[in-house]
Structures are given as C-alpha cells and as structure tokens.
Amino acid sequence: MTVSKLISSVQDSSTQLHDRAQQEWWRGASIYQVYPRSFLDTNGDGIGDLCGVTQKLDYIADLGVDAVWLSPFFTSPMKDFGYDVADYCDVDPMFGTLSEFEVLVRRAHDLGLKIIIDQVYSHTSDQHAWFQESRQDRTGAKADWYVWADAKPDGTPPNNWLSVFGGPAWTWDARRGQYYLHNFLSSQPDLNVHNPYVQDALLGVAKFWLDRGVDGFRLDAINFTMHDPLLRDNPPTKDRAREKRTIFDFQDHMFNRSHPDVPKFLEKIRTLTNERDGIFTVAEVGGDTPLAEMKAFTDAGQRLNSAYSFDFLYAESLTAKIVSDALASWSGAEGEGWPSWAFSNHDAPRAVSRWVADEHRELGARLYLLLLTALRGNIFIYQGEELGLPQVDVGFEDLKDPEAIANWPSTLGRDGARTPMPWSGKLPHAGFTTGEPWLPIGPDHLPISVDEQHQDPRSVMSFAKRALAVRRNAAALRSGDIAFVPATEGVCAFQRQSDDETLLCLFNTTPDVVDHQVSTDGYRVLINTVDTDDVPERLQPYQGLIISKA
C-alpha cells in the first residue's frame, strides 16, 4: 500500500469512528430527568413550565450531563399529570406553547445537550379525539382503535384483569354498550396497538416530534401496549411471599400486557428513527420479571437502543448483591442491547430516603451518585438527585397522585418525589414560583437548595459535577466492560476496563467501617467520596471511590 493510500485509509477509518460516535452519543450517556411541572414556574401559577426549563438549561449543562429527558408536557386533562394524553402533537397551555418547546430544543442544542421526550403509546386520555370517535359506535373508522369487549352474560367485565391503580381494568361505556380496557386509570383507555392503523398513527406522532428536533424517546409502560386478544384470565401470583400492597399484586399479569408482538412494533419504531442520525430510544419495562422483555425489546440492534426496569427504583435497600445481580444480566454478549439505570425518578421514592438513615444522608447521596456514574450502561439522574434531596412527607390533604389517594396509606405514592425543585433557600417557595406551588416545598430541602450548594466545593452538588466529569472523561466508565471483584460483605467492588484504561470501583454500602480486602497495589485515587487522595485499606461508612491503574 502506498503512503497516500495508507493516509487515506487512516482518514476514512477516523471518519467512520467519528460518525459512529455521533450516531451512538447515547452509549454511556448521563441523562438528566426534568419533571417540568416541578422544575421552575415562570408565570406565577404554581406549576413549572417549558420556559422555566429553558431558563435553567445552563444549570443542567453545567452539571456535565449529555441529555435532558422531559416528562410529559402534552395536552392533557392531567388526571395522571400528563401521562393521560389528549393531544400527542401539542403542548398543554399550562406548560406553554409549541413554539416555546422549539426554543427549548434550540437552546439545549446550543449548549450541547440532547433532548429526549416521553412517548405514551399504551393508552391515551378519554378526552383524546381518537377515543371520543371510537366510543360513538362499533362501526366507525376508529371503532377498534381501543380495546373494547362485550360484557359477560351477567353483565360483569370480560375477564379478571386488574388496574395498576386498583379495581377492575374494565369500565362500562353505555354509549357503545361495551367495556373498554384501562390498565391504569379509568380515564386512560388502552389503545389497541395490534391495529396497524393505530401503529401508523403512533409512528406519525414520533415523526412529528422528530421533525421538531428531538433526539430521542423514552417509551412509557411499553410492555402494556399489547394485550392477549383472547382476553384470557390472568392466573393468581405464584409468588406467595411477595408483599401485596394493592390488589394488582395478586395476579401474574400474563395476558393484559407483554404480548409477543410488541417487539415487532418496536422494529417499526427503529426503522423510523434510523432515518435520522443519532436518535436514542429507551423503554421503561415494569413488572416482576422484566429482564426477558428488556432483552427482547433491545435485541440485535433491530429494536430499541436501551431499556430500564425498576431493579433499583423500588429496592428498599441497596446491597452489593442487588448491584451485581442487576449488572450481571448485561454481559455485553453479541447482539445484546444496552442497559440504562436509574436510582430515583418521578414514580419512585427518592433513593437517599430508601437506602440510608437521615444521619448519613449526605454520605449516602455522594455514594449513590458515584456508584450510578460507575455503572455500565446509560444513567438517569432525577432532578434534585444532584443535591441529595430526600423524599418529602406529603400529608394526605396535599396529595395529588391518584395512585396514592386510592391506596392510602399502604403505598407512599409519588408526590413526595415530585415536589418543586428548591432553587433558593432564602426566596419564598424556594424560588420555584411566586404563586402557590402545586405541591408543598420540602422544608428540609431549603438548606440544601441550589444556591446554598452552588459556591460550596464540598457540597453534594459539587461532588456530583466531579463524578459526572470523571464518567465523561473515562472511556472505561462510559462504554468499557465490567467485572465484579470478590470483597467483604457489604462492599460492592467491580473493575471497569477499556482498551487503555483499568479502573477499580469500591463502594461500602453499610454504615460500618470495613476492610474491603481487595488488592489495590499500583492504583491511584481518581475520585473519592471522602476528601483524601489515599487509597484506603478500610472503607469508612458509605465511602465510595474509583481508583485508576497507574
């Protein structure tokens, strides 16, 4: 090969690597979840809005994340706070306008941030025009766009399926003279995604938002998109030991969700997103045994890019075994998808309140942030997690979450994780609004608000920035292999490895001082939750560190 051809070959290879990096920006990305309703209110109505998100994009970019996931802001009666969509292709007036969303996207891109939005394909609001037409009669153009079924001879529902929010998953519609399915609220009728016309309509929704510059989608409750057309009864749960907090927990949900045709629909979504460069898709997969579905939904690069479940989100404690069991399921085998991880979000109590006692809260917040940034996969950081915000105890009289109200007090509900973001410890309502906030401000959030932590190099927020910078700059953390290392009980130890980088990650998940019993010869500290550059033989309570092979 001549020198000129060799140079040309190297240049072509470099270009291909660059193109792949652009296409797969999401691989190992850190994604910041914004719950717009509680982020920042700019018009004084007590509810956060898109202009508030735009105003704080500089803050998000300064954290060092790669992307922003926006929870729903679509037109909605807000019975389930935006997850009951009445118009997929418009912005609810309480959040702003479509043009304000487009301004948000442009500003994010100027700051180097990608924008990911929710897509709710399993159900709509009962106020959606599609449902209003479908319920009119059994012969119209959209008659079978939703899941309708006749009553049993005695007038009872077609089968025994139960709603996640309690009660039967069927509601009688007198106008049509049939029951309709709703896996969630009765005001959230299930779409019949078996219907190819429904699939085409949903793909049209995705294209609408892609045309407005979004960089990806989180697919909400995607395993609920297809049901068993035979409407067979669900069997009772085989797990007798499982705690039953609601009646939904009494069944194995074999037939009201997780139909084997769901992956075929995901392939259509992938075909659409492949028409654009660098579009990211991630599935939320609920249930007791989500792994098989997560693997199927991300199989062989033909479906979604990634998936996450509730391995950590509903875990009542964090142990080394929980971490190793979750990560061991994603070995990086040929054709395997790419995992995503979250410790907190808008649906689950905040991790720092689930996993550590109040007296160790700041230590725990640092540990969990560092552990999250060390995992193999994409990571989601929920707004306020970078501050170490604990769960807020919202009284029954202030609850807004329909699930919490229906099942009070057996479930904590979701409101305590959805309270407004504390921007200032000195301003009324923590600087979130000049009006009355839709949920109460957490009183213990004020001392750890953004402005209280911003100038403090020892704050949780400052540590979060350092941890995210380490992840961003370490190929081993973003996309390298993972291998767990034997250690003392209570210590989570694993190695992250790339072609030219070896990192050892050690985390003490207990309130005790422990000897980790892991060889650290030849390593230097890259980042440590404790303010020292020494590689310790004993880990302090809730201490975590990442050390680099010299």
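Residues numbered from 1 in each chain as written. Predicted model: local features only at pLDDT ≥ 70, side-chain atom pairs only at ≥ 80, totals over all residues. Heavy atoms only, no water.

A. Expanded view of the sheet that holds strand S12 (residues 338-342). With parallel pairing, the 8 strands of this closed barrel are ordered in space as S1-S2-S5-S9-S10-S11-S12-S13. The mean inter-strand angle of the sheet, taken between neighbouring strand axes irrespective of direction, is 25°. Here 4 bridges tie strand S2 (residues 67-70) to strand S5 (residues 114-119), and the two strands are oriented parallel to one another. If you follow Ala67 over to S5, its bridge partner there is Lys114. (Pairing = 2+ DSSP bridges. Helix = DSSP H or I, 4+ residues; strand = E, 2+ residues; numbered from the N terminus. Axes fitted to C-alpha atoms, helices over the stretch in contact; angles between N-to-C directions.)

B. Molecular detail of helix H6 (residues 196-210). Spanning 15 residues, H6 covers 21 Å between terminal C-alpha atoms, matching the ideal 21 Å at 1.5 Å per step. Those residues of H6 not exposed but buried are Val198, Gln199, Ala201, Leu202, Leu203, Val205, Ala206, Phe208, Trp209 and Leu210. For H6, the side-chain oxygen to backbone nitrogen distance between the N-cap and Tyr197 is 2.8 Å, and the N-cap itself is Asn195. (Expected span 1.5 Å × (residues − 1). Buried < 20%, exposed > 50% of the residue type's maximum accessible area, 1.4 Å probe, protein only. Polar contact = N/O pair within 3.5 Å; in protein donor to acceptor, adjacent residues only side chain to side chain.)

C. Seen up close, the side chain of Asp190. When you line up the elements, Asp190 lands in the loop between strand S8 (178-181) and H6. Among buried Asp, Glu, Lys and Arg side chains, Asp190 stands out as unpaired, with Arg257 the closest opposite charge at 11 Å. Beyond its immediate stretch of four places on either side in the chain, Asp190 contacts Ser122, His123, Tyr146, Val147, Leu181, His182, Asn183 and Phe224. (Lys, Arg positive; Asp, Glu negative; His and termini not counted. Salt bridge = Lys/Arg side-chain N within 4 Å of Asp/Glu carboxyl O. Contact = heavy atoms within 4.5 Å.)

D. Seen up close, the sheet that holds strand S16 (residues 501-508). If you trace the 5 strands from one edge of the open sheet to the other, you get S14-S15-S16-S20-S18, paired in antiparallel fashion. A strand with exactly one partner marks an edge of an open sheet, and here the two such strands are strand S14 (481-484) and strand S18 (523-528). Strand-to-strand twist of the sheet, defined as the mean angle between neighbouring strand axes without regard to direction, takes the value 25°.

E. Examining the pairing of strand S15 (residues 491-498) more closely. Of all 8 residues making up S15, 6 are buried, and the element is well covered by its neighbours. By the bridge criterion, 4 bridges tie S14 to S15 in an arrangement that is antiparallel. Bridging across to S15, Phe484 finds its partner in Phe494. Linking S14 back to S15 in an antiparallel pair, the connection comprises 6 residues, with Gly490 at a positive phi of about 95°. Across 8 bridges, S15 lies against S16 in antiparallel orientation. Within S16, the residue paired with Gln495 across the bridge is Leu504. Taking the residues that link successive antiparallel strands as the turn, the S15-S16 hairpin has 2 residues.

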